[in-house]
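Architecture and fold: a report
Each chain, written out:
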Amino acid sequence: MPKIGTRKRLLSKQELALVLVTAVWGSTFLVVHIAVQYSGPWFFVGMRFLAAGVISAVIFARVLPGMRWKEIGAGSAIGVMIFLGYGLQTVGLQTIDSSTSAFITALYVPLVPVLQWIVFRKPPRALTWIGVALAFIGLLLVADPTSVGFSFGPGEIATLVSTLPIAAEIILISVFARRVNIGRVTVVQLLVAGLLGLATMPVVGEQPPAFSWVWLSAALALGAASCIIQLTMNWAQRSVSPTRATIIYAGEPVWAGIVGRIAGERLPAIALLGAAFIVAGAVVSELNPRKRADAADAEDADGASEAPPEPTHTSAG
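Residues numbered from 1 in each chain as written. Predicted model: local features only at pLDDT ≥ 70, side-chain atom pairs only at ≥ 80, totals over all residues. Heavy atoms only, no water.

It is worth spelling out the packing of helix 8 (residues 154-176) against helix 10 (residues 213-236) at this point. Two elements in contact, helix 8 and helix 10, have axes whose closest approach is 9 Å; the angle formed by their N-to-C orientations is 50 degrees. By the angle between their axes, helix 8 is oblique relative to helix 10. Our pair here, helix 8 against helix 10, has a crossing hand that is right-handed. Residues E169, I170 and I173 of helix 8 lie in contact with helix 10, whose contacting residues are Q230, M233 and N234. Partitioning the contact of helix 8 with helix 10 into residue classes produces three nonpolar, two polar and one charged. (Axes fitted to C-alpha atoms, helices over the stretch in contact; angles between N-to-C directions. Helix = DSSP H or I, 4+ residues; strand = E, 2+ residues; numbered from the N terminus. Parallel < 35°, antiparallel > 145°, perpendicular 65-115°, else oblique. Left-handed = near helix turned anticlockwise from the far one by under 90°. Contact = heavy atoms within 4.5 Å. Nonpolar A, V, L, I, M, F, W, Y, C, P; charged D, E, K, R; others polar.)

Structure (structure tokens):
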């Protein structure tokens with residue numbers, strides 16, 4: 001009987017939804033990589049998330065009048081992390097291909113338990129440190145396949161830094177998801193991310209791009225995708241533990257690699273090995289003995305706590 005219960009959890013509609021949005025999420029890397037050839041990164045981030053915010057505002061128009069300050073605060077905090085994470089990731093995609101970006105971005109997975117250790121004083125388990133080590137080895141191989149050394153270009157550095165706010169986004173979603181109205185928070189976080197993206201343009205000296213159907217259609221398409229992804233994450237993580245969500249999200253760079261390969265991107269064999277190390281590190285960092293995992297799930301079901309119940313993991317969309 002316990003095995004049947006576990007099987008049901010693994011096939012829950014919330015987790016299936018996360019698998020589907022992870023596949024969509026992985027495909028967005030290639031779209032952004034193409035779009036930033038026609039637009040500056042911060043303009044594109046602004047347009048992408050403003051479009052997502054407007055779409056979500058239409059969807060949740062009926063609940064917006066009841067907006068509370070708690071929801072504005074939660075949405076703003078998550079929105080800032082989305083802006084920083086996907087803004088820097090978009091900057092990186094100007095100079096690196098989508099597959100490389102996706103695998104470097106996957107480092108946010110083992111980073112989450114480390115950040116939870118710093119913020120919530122929950123020490124990572126031994127497997128977490130093993131996962132971090134595997135991911136770091138993979139990062140070296142992906143970043144510089146020819147010399148297997150730690151030599152990053154600006155695109156790789158921007159993408160690497162982006163993993164910190166993306167990890168923080170996942171933690172914030174886990175903290176707030178069961179305490180606020182999903183629709184209101186989704187609208188706020190997407191609009192905040194979009195407005196901050198446009199506000200960054202004069203700060204970095206970025207000019208509005210010439211009109212192109214490429215960046216416009218990409219922004220609208222990714223806006224709709226971002227809305228769906230953020231809404232699904234907020235909804236699903238109310239019942240899916242951060243640990244389980246993280247393992248699902250770890251498949252995101254694999255989807256990105258598949259889409260990139262279909263589009264003609266070819267990573268060297270040693271870079272593919274590094275990518276495998278990163279994904280393995282993401283999964284290993286979230287492995288738990290069955291008893292501890294079941295205990296964490298039971299704690300999740302009882303209601304939200306001040307910190308996520310297990311040191312874990314998103315970006316994300």
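To continue, consider the environment of Q230. One can find Q230 in helix 10. The class for Q230 is buried, based on a relative accessible area of 0%. The spacing of Q230 and V21 is 209 residues in sequence and 9.1 Å in space, taken between C-alpha atoms. (Buried < 20%, exposed > 50% of the residue type's maximum accessible area, 1.4 Å probe, protein only.)

Turning our eyes to something else, we now look at the environment of T90. Within the secondary structure, T90 is located in helix 4 (residues 69-92). Residue classification places T90 among the buried positions, given a relative accessible area of 1%. The spacing of T90 and V36 is 54 residues in sequence and 7.5 Å in space, taken between C-alpha atoms. In this view, T90 contacts V32, V36, P41, F44 and V45; residues no more than four positions away in its chain are not counted. At a separation of 2.6 Å, a polar atom in the side chain of T90 contacts the main-chain carbonyl oxygen of Y86. (Polar contact = N/O pair within 3.5 Å; in protein donor to acceptor, adjacent residues only side chain to side chain.)

Any functional reading would require information that these geometric values do not contain.
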